[in-house]
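Structural characterization, general
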Amino acid sequence: MPCKSSKHPITWLFVSFAFLLLTACDSFSPATRLEKIQNRGEIRMGTINDTLTYSYDGSVRSGVDYELGKQFADQLQVKLTVNVYPSYEALFRALDNDKVDFLGAGLTLTPKRAQKYRSSPPYYYVSQKVVYHKGTYRPRKVEDINAPVSVLKNSSHQETLENLLEEKHDLDIDVLENEDPETLLRKVAEKEITFAIVDSSTLAHKQRYYPVLTEAFTITEEQPVSWLLKRLQDDTLYAAVIEFMGNRYADQSIAKLEEKYFGHVGRFDFVDTKIFLQRNKSTLPKFEKLFKKHATAEVDWLLLAAVSYQESHWNPKAKSPTGVRGMMMLTQDTADHIGIADRLDPEQSIKGGANYLTQLIKRLPDSIPDDEKIWFALASYNLGFGHLMDARRITSMRKLDPDAWSDVKENLPLLHEKKWYSKTRYGYARGREAQQYVNNIRQYLKTLSWFVAERTKQQEAQRLAQAAKAKRDAELKATLAAQEALQSPQSPQSNAAKMIAEEIAKPLEQ
């Protein structure tokens, strides 16, 4: 039986029209904030220049916020664009004016910020420290402060002091505009200002560059550090940030970043840091070419120099009662293994240390992340490859990750304890010393990298100043030569001027 047409063609026409209308409405609905970011193919992070948040040395970008931001962009399958601002004031203005999508700048979540902005889950915690110059008057509580306290405009530290004004009405606050934390602490180090407030994490890192910086007292308890976003009705980006941070906690990415940027920061040694900075100027230049010459793809020259300083304080004739010798303190067996004839020869020792450390890195399991292999290799350099593997086994026994330096580092001291080393293949080892050994090198490396970067800036500034002076000298010389030529009786210009003067004088004589 043939199919009959519908008895209600108008009804079907209406249904079809309604469906098309709904589809059209859906296709023209405004895109969410997250969809707009994905459509344009980039997410914009606002930040400030700082070793903990974001820094760029001309070849490598680093910083906790940068690395987290890059991971977030990768999750969204877009490019991360980093917009760097010179001050907190400019940073927050950029967020308020939609110049950036979020702020990743090591910002603490204060009550005032929590009211105005949305925040991510915290990825680390800091307290606020009152800082002063070592050797000057030290206040031990707020009531002891007898000079202006400098803070950066729109910083959490400004908010802290403004709240304290309710209790201490005579507190003098010096709010610095268009400055960054580095400049603030440099001014304390150079005695341009008396007191300042910075985060505990910032002080711990900057003391390696400015050892005269000293903590007076802690002015706040620990506070969460979070990303900040605009508080909007459209919360799609906010929801994506919450999910992202949760995933990064779950897969240990945040724990690894904490280890990378904070794991080596321990007790500050003023004398050691000051001596190290002095030797960067006096001793390093004698061996810098050798460190650069024998650096490898796995061990750059700065790391090689840091290891050498930890081993021998850059003393080519260094010797130990245990038999290790030279700049890199090689054992005789290690020297024989890598073909080094004279351990007390600086170049041979540096070359041998670089090659041996490179071998240790390549010998490590591929399951260890590439950016953490160097710390495992340094521990092995100090206590032996077998003992390092024992520490990884103990880490596994304790249901922790044997491929994460943060976990293995915490288990190294167990190589001292019979309860644990009796279960290992190679037995007792000075694991706590190896733990401190790696931490020391990481601190030296951080300080050395800063010193070389500052030296490069100074050299470039001197080069530009010399070039400008040479240009001014050349211009002055050319001007003087031109003036001398005009004044010379033999010059064409002078003769021409004389002829014109004579022609003018003839009618006057007549």
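Everything below is about the structure shown above.
Below is a summary of the structure that appears in this document.

Scoring rules and cut-offs
Residues numbered from 1 in each chain as written. Predicted model: local features only at pLDDT ≥ 70, side-chain atom pairs only at ≥ 80, totals over all residues. Heavy atoms only, no water. Helix = DSSP H or I, 4+ residues; strand = E, 2+ residues; numbered from the N terminus. Contact = heavy atoms within 4.5 Å. Salt bridge = Lys/Arg side-chain N within 4 Å of Asp/Glu carboxyl O. Buried < 20%, exposed > 50% of the residue type's maximum accessible area, 1.4 Å probe, protein only. Phe/Tyr/Trp six-rings, centres within 6.5 Å; stacked < 30°, edge-to-face > 60°. Expected span 1.5 Å × (residues − 1). 1 Å grid on protein atoms, 1.4 Å probe; cavity = no way out; pocket = protein on both sides within 12 Å on 5 of 7 lines; lining within 4 Å. Points joined across faces, edges and corners; volume = space filled by probe spheres on them. Nonpolar A, V, L, I, M, F, W, Y, C, P; charged D, E, K, R; others polar.

Right, let's get into the environment of Q310. When you line up the elements, Q310 lands in helix α13 (residues 301-312). Sequence-wise, Q310 and V438 are 128 residues apart; in three dimensions their C-alpha atoms are separated by 9.2 Å. Apart from the residues lying within four places of it in its own chain, the contact partners of Q310 are Y437, N440, I441 and Y444.

A word on the pattern of salt bridges. Under the criterion given, the structure shown has 33 salt bridges. Its salt-bridge partner being K260, residue E67 comes within 2.6 Å of it at the nearest N-O pair. Taken together, the positions of E67 in helix α3 (residues 64-76) and K260 in helix α10 (residues 253-262) put the pair 193 residues apart, joining distant regions of the chain. The closest approach of N and O atoms between D74 and K70, which form a salt bridge, is 3.0 Å. On the criterion of helical spacing, the pair formed by D74 and K70 is a turn pair, its members being 4 residues apart in helix α3. The class of D74 is partly exposed, set by a relative accessible area of 44%. Residue K70 is classed as partly exposed on the basis of its relative accessible area of 35%. The network of salt bridges with shared partners includes R40, E42, R44 and D101.

Right, let's talk about the packing of aromatic side chains for a bit. Under the criterion given, the structure shown has 20 aromatic pairs. Each ring, one from Y209 and one from W450, has its centre 4.8 Å from the other, and the planes form 10°; the classification is stacked. Placement of Y209 in the loop between α8 (200-206) and β12 (213-218) and of W450 in helix α20 (residues 431-487) is noted, with a sequence separation of 241 residues between them. A single burial state applies to Y209 and to W450, both of which are buried. Ring geometry for F276 against Y309: centres 4.6 Å apart, planes inclined by 55°, an arrangement best described as tilted. Remark: Y309 occurs in helix α13 and F276 occurs in helix α11 (residues 270-282); sequence separation between them is 33 residues. We note that F276, like Y309, is buried. Grouping aromatic residues by their ring pairs yields a cluster made of F72, F102, Y123, Y124, W227, F244 and F262.

What follows deals with helix α15 (residues 346-363). With 18 residues, α15 ought to run about 26 Å at 1.5 Å a step, and its terminal C-alpha atoms sit 26 Å apart, in line with that. What α15 keeps buried is the set S349, I350, G352, G353, A354, Y356, L357, T358, L360 and I361. On its buried side, α15 packs onto α12 (284-293), α13, α14 (332-338), α16 (373-383) and α17 (385-397).

The subject of this paragraph is helix α4 (residues 88-96). Along α4, 7 of the 9 residues are buried, which leaves the element largely enclosed by surrounding structure. Inspection of α4 places Y88, E89, A90, L91, F92, A94 and L95 among the buried residues, and these make up the whole buried set. Two residues or fewer past α4, D98 is found with a positive phi of approximately 60°.

Here we take up the environment of E167. With respect to the secondary-structure elements, E167 resides in the loop between α6 (156-164) and β10 (173-176). Taking the C-alpha atoms as reference points, E167 and E143, 24 residues apart in sequence, are found 9.7 Å from one another.

Here we come to empty space enclosed by the protein. Counted under the stated rule, the structure contains 5 cavities of 30 Å³ or more. What the largest cavity holds in volume is close to 150 Å³. In terms of lining, the largest cavity is formed by 17 residues, of which the most central are Y88, G106, P181, D199 and T202. Those elements that provide at least two residues to the lining of the largest cavity are β5 (102-108), α7 (181-189), β11 (195-199) and α8. Tallied by class, residues from the lining of the largest cavity come to 10 nonpolar, 5 polar and 2 charged. Listing elements by their share of the lining of the second largest cavity, those giving two or more residues are β13 (223-230) and α9 (236-250). Here the lining of the second largest cavity is composed, by residue class, of 4 nonpolar, no polar and 6 charged.

With a phi angle near 55°, N178 is a residue other than glycine that sits in the positive phi range. Along the polypeptide, N178 turns up in the loop between β10 and α7. You can call N178 exposed: its relative accessible area is 54%. One non-glycine residue, W314, adopts positive backbone phi at about 60°.

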